[in-house]
There are 2 protein chains.
Amino acid sequence: MGWFLERVAVYKVTGSENSLLRIGPPGPNILLTMSDRRTQILDAAATLISERGFTSTSVDDVIKGAKLSGKSHFYHYFKSKEELGYEVLNRQFERFAERGLAILREPMIDPLERLNLFIDAVVALQSESGGRRGSPFGNLAAELADAHEGFRVRIEAVFERWASQIRSLLWEARPQLHDDVDAVRLSRFIIAALEGAVLMTRVKRDLSVLEGIAADLKRFIAMHVRDGAAMQHNRAVE
Amino acid sequence: MGWFLERVAVYKVTGSENSLLRIGPPGPNILLTMSDRRTQILDAAATLISERGFTSTSVDDVIKGAKLSGKSHFYHYFKSKEELGYEVLNRQFERFAERGLAILREPMIDPLERLNLFIDAVVALQSESGGRRGSPFGNLAAELADAHEGFRVRIEAVFERWASQIRSLLWEARPQLHDDVDAVRLSRFIIAALEGAVLMTRVKRDLSVLEGIAADLKRFIAMHVRDGAAMQHNRAVE
DNA sequence: GGTGATTAGGACCACTCGGTCCTAATTTGT
DNA sequence: ACAAATTAGGACCGAGTGGTCCTAATCACC
């Protein structure tokens, strides 16, 4: 039985297989390498929460979804529904970081091209649920930002990490951009437009809404490109 | 005792004062001229729902907020919590139509200038709650679009009426706009950006987020303006 | 093979949920 | 003034809610 440090939390290595259990105090933005059962519960909860929201997903629903035997079986793995929610959020961000945000860091592609590819990826990710099921972050944000400070700060952190990825991409692309481009503002605009687009798409049950907004968003970004630098649509004002 | 038709619903006129009770079947988009008690309940519910969401607002909370005596007192005025939710949504749209959308129709102002003023109005409306409390439509959309079809179609209708106002403004402004401007797409983009901005603002608890996105959105709209036409001054040709 | 930790399982708790029922007070039209 | 309609009030319901407790079964390890 040994100890090691991963990210911020202390884990205790137990038994066979790769089942790790965190026993240190929970900190923000921790993603555990969990036992299979934990993963199973987390996956079931993620689906349910993204379908019906956090408050409307009961612990019993999660238990049913993860095919657990009973309440205490669940509470053996998670100390509360709240903690479950936090970890689901973390896992979903990690998933998004792998499948979406990663594009922003591809070193071999032109940064502005990467930004377009990232927008395409968001559209593609949304298409997987057929236009339903918005961004898990946007959903939780709308549901809990006012009511639950714990979730609010965690969602804020998610958006911040997302924005910072875009900011560093814009920094990388700065030779191609107008001098007065405000990376902070532009990164926020991109995220807001995408989150709003996903929301509208969900309400209208029509993926073309997202596609249209994504196309417009690309044009807006192109507006910030220097007249000389090639990126087809240069009708820059100012 | 008399009968008359207002909007879509049949009302029965009772007693003194202006207390009207709908007795016809409920249809979409009906706004009742209600008894004072109904208004009182609706107002309390609107506050609570915008603070904590629909599912997290209990009927008992509403009763407490509206200072009613008990459950059946509430159920005397509303046949269900769901119906209450629908009417709150309608009232909130009506309020938004009066205080926000109305600007889009001001006949004496240049249409594109009106659009900017409208965006300012959205920022101002949001400022009233100090950056908390998002658009009531966006909140309900995120919370219920997947889970509750009844709400979904009503929220869709709200966004559609909003979009159509913007579309007709853009139609009015078409002499000043590029020929290839797609009014449907642009109107959706504006709404999505604003809804996304309000959401981000709420998460970050920072009004400047909304202000920045609003400024960028104006620049995006300006991108569609013909090179010759200046937006500020009324140069509209009909 | 026994022992201590881990995993399962079920009964149960106090409380809240949306909603109903039934009766008393008040207001209404005549 | 009086009966009918409306408004108010409280007790109550069955089904959930998040969460605890206590006991079996299973497991790793000496």
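In the block above lies the structure referred to throughout.
Attention here is on the structure that accompanies the text. (Residues numbered from 1 in each chain as written. Chains lettered and ligands numbered in written order. Predicted model: local features only at pLDDT ≥ 70, side-chain atom pairs only at ≥ 80, totals over all residues. Heavy atoms only, no water.)

Describing the protein's contact with DNA strand C
Then, number 1: Around DNA strand C sit 18 residues, and of these A:Arg37, A:Ser69, A:Ser72, A:His73 and B:Tyr75 come closest.
Then, number 2: Protein-adjacent atoms of DNA strand C, using a 4 Å cutoff, are sugar or phosphate at a proportion of 56%.
Then, number 3: Here a phosphate oxygen of DNA strand C sits 2.5 Å away from a polar atom, N or O, in the side chain of A:Arg37.
Then, number 4: At a separation of 2.8 Å, a phosphate oxygen of DNA strand C approaches a polar backbone atom of B:Val59.
Then, number 5: Looking at the surface near DNA strand C, the elements with two or more residues in it are helix 3 (71-77) of chain A together with helix 2 (59-65) and helix 3 (71-77) of chain B.
Then, number 6: Ranked by the residues each element gives to the surface near DNA strand C, the list is headed by helix 3 of chain A, at 4 residues.
Then, number 7: Broken down by class, the residue content of the surface near DNA strand C amounts to 3 nonpolar, 10 polar and 5 charged. (Near = heavy atom within 4 Å. Polar contact = N/O pair within 3.5 Å; in protein donor to acceptor, adjacent residues only side chain to side chain. Helix = DSSP H or I, 4+ residues; strand = E, 2+ residues; numbered from the N terminus. Nonpolar A, V, L, I, M, F, W, Y, C, P; charged D, E, K, R; others polar.)

Section: empty space enclosed by the protein
Then, number 1: Tallied over the entire structure, the rule returns 6 cavities of 30 Å³ or more.
Then, number 2: A volume near 120 Å³ is recorded for the largest cavity.
Then, number 3: In terms of lining, the largest cavity is formed by 15 residues, of which the most central are B:Ile49, B:Ser50, B:Arg52, B:Gly53 and B:Asn139.
Then, number 4: Secondary structure elements with two or more residues in the lining of the largest cavity: helix 6 (136-144) of chain A together with helix 1 (36-52) and helix 6 (136-144) of chain B.
Then, number 5: Its residues assigned to classes, the lining of the largest cavity comprises 5 nonpolar, 4 polar and 6 charged. (1 Å grid on protein atoms, 1.4 Å probe; cavity = no way out; pocket = protein on both sides within 12 Å on 5 of 7 lines; lining within 4 Å. Points joined across faces, edges and corners; volume = space filled by probe spheres on them.)

A word on the interface of chain B and chain A
Then, number 1: Each partner contributes residues to the interface: chain B has 49 residues there, and chain A has 48 residues.
Then, number 2: Between chain B and chain A, roughly 4400 Å² of surface is buried when both sides are summed, and carbon and sulfur atoms account for 59% of that area.
Then, number 3: The largest share of the area that chain B buries against chain A comes from B:Asp146, B:Val203 and B:Met223, three residues that together contribute 16% of it.
Then, number 4: Applying the counting criterion to the chain B and chain A interface returns 8 salt bridges.
Then, number 5: Of the charged contacts in the structure, one is a salt bridge between B:Arg202 and A:Asp146, with a shortest N-O distance of 2.5 Å.
Then, number 6: Inspection of the region where chain B meets chain A yields 14 residue pairs in polar contact (both at pLDDT 80 or more).
Then, number 7: Elements with a minimum of two residues in the side of chain B that touches chain A: helix 1, helix 6, helix 7 (149-172), helix 8 (183-204) and helix 9 (207-222) of chain B.
Then, number 8: For the side of chain B that touches chain A, the class distribution of residues is 21 nonpolar, 11 polar and 17 charged. (Contact = heavy atoms within 4.5 Å. Buried area = accessible area lost by both parts, 1.4 Å probe. Salt bridge = Lys/Arg side-chain N within 4 Å of Asp/Glu carboxyl O.)

Examining the relation of the copies chain B and chain A
Then, number 1: When chain B is brought onto chain A, the operation consists of a screw motion whose angular component is 180 degrees and whose axial shift is 0.0 Å, with 0.1 Å RMSD remaining. A rotation of that kind, with that shift, is consistent with a two-fold axis.
Then, number 2: Taken together, the interface assignments show that 92% of the residues at the interface of chain B recur at the interface of chain A, consistent with an identical surface on both copies. (Least-squares fit on C-alpha atoms with pLDDT ≥ 70 in both.)

Comments concerning the packing of helix 7 (residues 149-172) of chain A against helix 8 (residues 183-204) of chain A
Residue and element names in this part refer to chain A.
Then, number 1: Packing of helix 7 against helix 8 leaves a shortest axis separation of 9 Å and a crossing angle of 125 degrees. Taken together, helix 7 and helix 8 sit at an angle that is classed as oblique. You can see that helix 7 and helix 8 cross each other, and the crossing is right-handed. For the pair formed by helix 7 and helix 8, the contact residues are Phe-159, Trp-162, Ala-163, Ile-166, Arg-167 and Leu-170 on the first element and Ala-183, Val-184, Leu-186, Ser-187, Ile-190, Ile-191, Leu-194 and Glu-195 on the second. (Axes fitted to C-alpha atoms, helices over the stretch in contact; angles between N-to-C directions. Parallel < 35°, antiparallel > 145°, perpendicular 65-115°, else oblique. Left-handed = near helix turned anticlockwise from the far one by under 90°.)

Some remarks on unusual backbone geometry
Residue and element names in this part refer to chain A.
Then, number 1: If you check the backbone angles, Arg-205 has positive phi at about 50 degrees while not being a glycine.
Then, number 2: Examined against the element boundaries, Arg-205 turns out to sit in the loop between helix 8 and helix 9 (207-222).
Then, number 3: In this structure Arg-205 comes out as partly exposed when scored by relative accessible area, which is 26%. (Buried < 20%, exposed > 50% of the residue type's maximum accessible area, 1.4 Å probe, protein only.)

Points about helix 4 (residues 81-99) of chain A
Think of an α-helix as 3.6 residues a turn; residues three or four steps apart then line up on the same face.
Then, number 1: The first and last C-alpha atoms of helix 4 of chain A sit 27 Å apart over 19 residues, in line with the 27 Å expected at 1.5 Å per residue.
Then, number 2: Residues A:Glu83, A:Leu84, A:Gly85, A:Tyr86, A:Glu87, A:Val88, A:Leu89, A:Asn90, A:Gln92, A:Phe93, A:Phe96 and A:Ala97 constitute the buried set of helix 4 of chain A. (Expected span 1.5 Å × (residues − 1).)

A look at the environment of A:Gly150
Residue and element names in this part refer to chain A.
Then, number 1: With respect to the helices and strands, the residue Gly-150 is situated in helix 7.
Then, number 2: The class for Gly-150 is buried, based on a relative accessible area of 18%.
Then, number 3: For the pair Gly-150 and Tyr-86, spaced 64 residues apart in sequence, the C-alpha to C-alpha distance is 8.5 Å.

Regarding the packing of aromatic side chains
The geometry of an aromatic ring pair comes down to the distance between the two centres and the angle between the two planes.
Then, number 1: Inspection of every chain in the model, using the stated rule, returns 24 aromatic pairs over all chains.
Then, number 2: Between A:Phe118 and A:Trp162, the aromatic rings sit 6.2 Å apart at their centres with planes inclined by 75 degrees, giving edge-to-face as the arrangement. Separated by 44 residues along the polypeptide, A:Phe118 in helix 5 (residues 111-128) and A:Trp162 in helix 7 bring together distant segments of the chain. Of the two residues, A:Phe118 and A:Trp162, both sit in the buried class.
Then, number 3: Judged by centre distance (5.7 Å) and plane angle (70 degrees), the rings of A:Phe220 and B:Phe220 are edge-to-face. (Phe/Tyr/Trp six-rings, centres within 6.5 Å; stacked < 30°, edge-to-face > 60°.)

Structural notes on the protein's contact with DNA strand D
Then, number 1: Residues in contact with DNA strand D amount to 17 residues; listed here are only the nearest, B:Arg37, B:Ser69, B:Ser72, B:His73 and B:Tyr77.
Then, number 2: Of all DNA strand D atoms lying within 4 Å of any protein atom, the proportion belonging to sugar or phosphate reaches 53%.
Then, number 3: Between DNA strand D and the protein, one listed contact pairs a phosphate oxygen with a side-chain N or O atom of B:Tyr77 at 2.7 Å.
Then, number 4: Of all the elements in the fold, those that place two or more residues in the surface near DNA strand D are helix 2 (59-65) and helix 3 of chain A together with helix 3 of chain B.

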